[in-house]
Amino acid sequence: GGADVSGTLDLDTVAPTATSYSLVTDDGVSGSDQIGTDSTPELTFAFSEAIYGTNADVTVLDPTGDPVTPDSIAGFGTSTLTITVSTPLVEEGQYTVTLKGTATVTDLAGNALNGGVDEVRHFTYDSHGPVVTSYSLTEDRGASSSNQLTNDTTPVLTFVFDEAVFGTAADVTVTDPTGDPVT
């Protein structure tokens, strides 16, 4: 006769998903805005389960659309993937990181990442502080309308920067001609 065979079959039809993404050295305004000054960034993805793939499944594009080759991609076979760029970045601006979800990054059962949709994330490399590009005195009452002289005791100054700036009134100091702070 025949032998009875029994076993257990695990059916996994749930696609793995990215549960978080971070720029390890995020020193932007919020600490989680994916903006950093480190020209050799490290990026970490966490997933709902272990993922499998190859380095070819990861692309990084600089702000001009040119490819950047990561120096290290580690973590396939786990639920955390770390991408490291050790060669200093040259272009400032927003970078795009793509993990191929089109059936190449999968879980152990072969389910494609995000159900077959690429995981696309961004980070920004910004290595310089903002620069004042112009300033003006709202009530310029001097001999010329642009000599920055006034007799207005409550003048309003307007500064224009080359990028968005963040801060509070405590970050601004106005001094009189002798160098003493004006309150």
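K.L.:
Help me understand the overall build of the protein chain in this model?
P.N.:
Across its full length, the protein chain carries zero helices and eleven strands. Along the chain direction, N to C, the helices and strands of the protein chain fall in the order β-β-β-β-β-β-β-β-β-β-β. Whereas a compact globule of 183 residues would reach a radius of gyration of roughly 16 Å, the protein chain reaches 27 Å, over 25% beyond that. Across its three principal axes, the protein chain shows a C-alpha extent of roughly 110 × 30 × 25 Å. Within the protein chain, the fraction of its 183 residues that count as buried is 25%. At a minimum sequence separation of 6, the contacts of the protein chain that also span at least 24 residues come to 62%. Element-wise, carbon and sulfur atoms account for 54% of the exposed surface of the protein chain, whose accessible area totals about 11,300 Å².

K.L.:
I keep staring at the sheet that holds strand E6 (residues 72–74) and nothing clicks. Help me out?
P.N.:
As a general point, the strands of a sheet are linked pairwise by backbone hydrogen bonds and lie either parallel or antiparallel. One open sheet accounts for four strands, arranged E1-E3-E7-E6; its pairing is antiparallel. Pairing within the sheet leaves two strands with one partner each, and these edge strands are strand E1 (18–23) and E6. Between one strand axis and the next, the sheet turns through 10° on average, direction left out of account. Examined bridge by bridge, E1 and strand E3 (residues 42–47) share five bridges and lie antiparallel to one another. Bridging from a neighbouring strand, Leu 23 pairs with Leu 43 of E3.

K.L.:
For this particular structure, what's the right way to read the pattern of salt bridges?
P.N.:
Where side chains of opposite charge bring their charged atoms close, a pairing between them can arise. With the rule as written, the count across this model stands at one salt bridge. Residues Glu 119 and Arg 121 are paired through a salt bridge, measuring 2.7 Å at the closest nitrogen-oxygen approach. Judged by relative accessible area, which is 9%, Glu 119 ranks as buried.

K.L.:
Explain the nonpolar core to me, please; I cannot follow it from the model alone.
P.N.:
Across soluble globular proteins, you tend to see nonpolar side chains buried next to one another. Phe 45, Phe 47, Leu 81, Ile 83, Val 97, Leu 99 and Phe 123 are the most contacted members of the largest nonpolar core, which has 22 residues in total. Sorting the residues of this core by element identifies E1, E3, strand E4 (58–61), strand E7 (80–84), strand E8 (93–99) and strand E9 (119–125) as the ones contributing at least two each. With near-sequence residues (within four places) excluded, Phe 47 lies in contact with Thr 17, Ala 18, Thr 19, Ser 79, Leu 81, Leu 99 and Leu 113.

K.L.:
What is the right way to read the confidence of the model for the protein chain from this model?
P.N.:
Low pLDDT marks stretches whose predicted atomic positions should not be read closely. Per-residue confidence for the protein chain averages 90 on the pLDDT scale, and 99% of its residues sit at or above 70. Put simply, strand E10 (residues 132–137) is where the protein chain has its lowest mean pLDDT, 86, and E7 is where it has its highest, 98.

K.L.:
Mind showing me how you'd approach the side chain of Thr 96 here?
P.N.:
Here Thr 96 shows up in strand E8. A distance of 3.2 Å separates polar atoms of two side chains, one belonging to Thr 96 and the other to His 122.

K.L.:
How should the packing of aromatic side chains be read in this particular structure?
P.N.:
Aromatic ring pairs: the centre-centre distance and the angle between the two ring planes describe each pair. Here the structure, examined in full by the defined rule, presents four aromatic pairs. Ring centres of Tyr 21 and Phe 45 lie 4.8 Å apart, and the angle between their planes is 45°; this geometry places the pair in the tilted category. Of the two residues, Tyr 21 is situated in strand E1 and Phe 45 in strand E3; the sequence distance between them amounts to 24 residues. Across this residue pair, the class does not change: Tyr 21 and Phe 45 are buried. The interplanar angle of 10° and the centroid separation of 5.1 Å between the aromatic rings of Tyr 95 and Phe 123 together place this pair among those described as stacked. Of this pair, Tyr 95 sits in strand E8 while Phe 123 is found in strand E9, placing the two residues 28 residues apart along the sequence. The class of Phe 123 is buried, set by a relative accessible area of 2%. Counting every residue linked through ring pairs, the aromatic cluster contains Tyr 21, Phe 45 and Phe 47.

Quick notes on the rules
Residues numbered from 1 in each chain as written. Predicted model: local features only at pLDDT ≥ 70, side-chain atom pairs only at ≥ 80, totals over all residues. Heavy atoms only, no water. Helix = DSSP H or I, 4+ residues; strand = E, 2+ residues; numbered from the N terminus. Rg over C-alpha atoms; globule rule 2.2 N^0.38 Å. Buried < 20%, exposed > 50% of the residue type's maximum accessible area, 1.4 Å probe, protein only. Contact = heavy atoms within 4.5 Å. Areas by Shrake-Rupley, 256 points an atom, 1.4 Å probe, with all protein chains shown as cover. Pairing = 2+ DSSP bridges. Axes fitted to C-alpha atoms, helices over the stretch in contact; angles between N-to-C directions. Salt bridge = Lys/Arg side-chain N within 4 Å of Asp/Glu carboxyl O. Core = buried A, V, L, I, M, F, W, Y, C linked by side-chain atoms within 4.5 Å. pLDDT = per-residue confidence, 0-100. Polar contact = N/O pair within 3.5 Å; in protein donor to acceptor, adjacent residues only side chain to side chain. Phe/Tyr/Trp six-rings, centres within 6.5 Å; stacked < 30°, edge-to-face > 60°.

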